[in-house]
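Structural characterization, general
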Amino acid sequence: GDGTVLGSLDNEFDAVLVTDAAVLIIVVSNFGHGEPPDNARRFYAWLTSDERRGDELAHVRFALFGLGNSEYGDNYQHMARSMEARPLQVR
């Protein structure tokens, strides 16, 4: 549709921060021991940064879909769980 952007988190999240009517759909997997995939490292570093204000995503409606293998135990859905806990968190 009009204004739809499809891309990796690292390449497109700046646009989401300045859009008033943003709907963000995140599909994320784990890598290794629960680390972000290569195309989400910058976004995840920003999301978990102590320098983040915490209200940058307050205007964004989002859906989160985590991909993973339950055989990874404690790391199963680590990225999705940690991303879900952070967007509106104020530091």
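Residues numbered from 1 in each chain as written. Predicted model: local features only at pLDDT ≥ 70, side-chain atom pairs only at ≥ 80, totals over all residues. Heavy atoms only, no water.

1. Focus: the pairing of strand 2 (residues 61–67)
Pairing between strand 1 (residues 23–29) and strand 2: seven bridges, direction parallel. Within the sheet, the bridge partner assigned to S29 lies in strand 2 and is L67. The parallel pair strand 1 and strand 2 is bridged by helix 2 (residues 41–47), and the resulting crossover is right-handed. (Pairing = 2+ DSSP bridges. Helix = DSSP H or I, 4+ residues; strand = E, 2+ residues; numbered from the N terminus. Right-handed = clockwise from strand over helix to strand, strands pointing away.)

2. A closer look at the environment of A80
Within the fold, A80 resides in helix 3 (residues 78–85). For A80, a relative accessible area of 9% gives the class buried. The spacing of A80 and V27 is 53 residues in sequence and 8.4 Å in space, taken between C-alpha atoms. Apart from the residues within four sequence positions on either side, A80 is in contact with V28, L64 and G66. (Buried < 20%, exposed > 50% of the residue type's maximum accessible area, 1.4 Å probe, protein only. Contact = heavy atoms within 4.5 Å.)

3. Some points on the nonpolar core
Membership of the largest hydrophobic core comes to 14 residues, with the highest contact counts inside it found for L9, I26, V28, F43, L47 and M83. For this core, the elements supplying multiple residues, two or more each, are strand 1, helix 2 and helix 3. (Core = buried A, V, L, I, M, F, W, Y, C linked by side-chain atoms within 4.5 Å.)

4. Overview of the pattern of salt bridges
Side chains that differ in sign of charge can pair as their charged atoms come close. Summed over the entire model, instances satisfying the criterion amount to one salt bridge. Between D38 and R41 there is a salt bridge, with the nearest N and O atoms lying 3.1 Å from each other. Its relative accessible area of 36% is what places R41 among the partly exposed residues. (Salt bridge = Lys/Arg side-chain N within 4 Å of Asp/Glu carboxyl O.)

5. Looking at the confidence of the model for the protein chain
Per-residue confidence for the protein chain averages 77 on the pLDDT scale, and 80% of its residues sit at or above 70. Per-element confidence in the protein chain ranges from a low mean pLDDT of 71 for helix 1 (residues 9–17) to a high of 85 for helix 2. (pLDDT = per-residue confidence, 0-100.)

6. Quick word on the packing of aromatic side chains
In the structure shown here, the tally under the stated rule is one aromatic pair. Between the aromatic rings of F43 and W46, the centroid separation amounts to 5.9 Å while the plane-to-plane angle is 40 degrees, which identifies the pairing as tilted. One end of the pair, F43, and the other, W46, are both in helix 2, three residues apart, so they sit about a helical turn from each other. On the basis of relative accessible area, F43 is assigned to the buried category, the value being 4%. (Phe/Tyr/Trp six-rings, centres within 6.5 Å; stacked < 30°, edge-to-face > 60°.)

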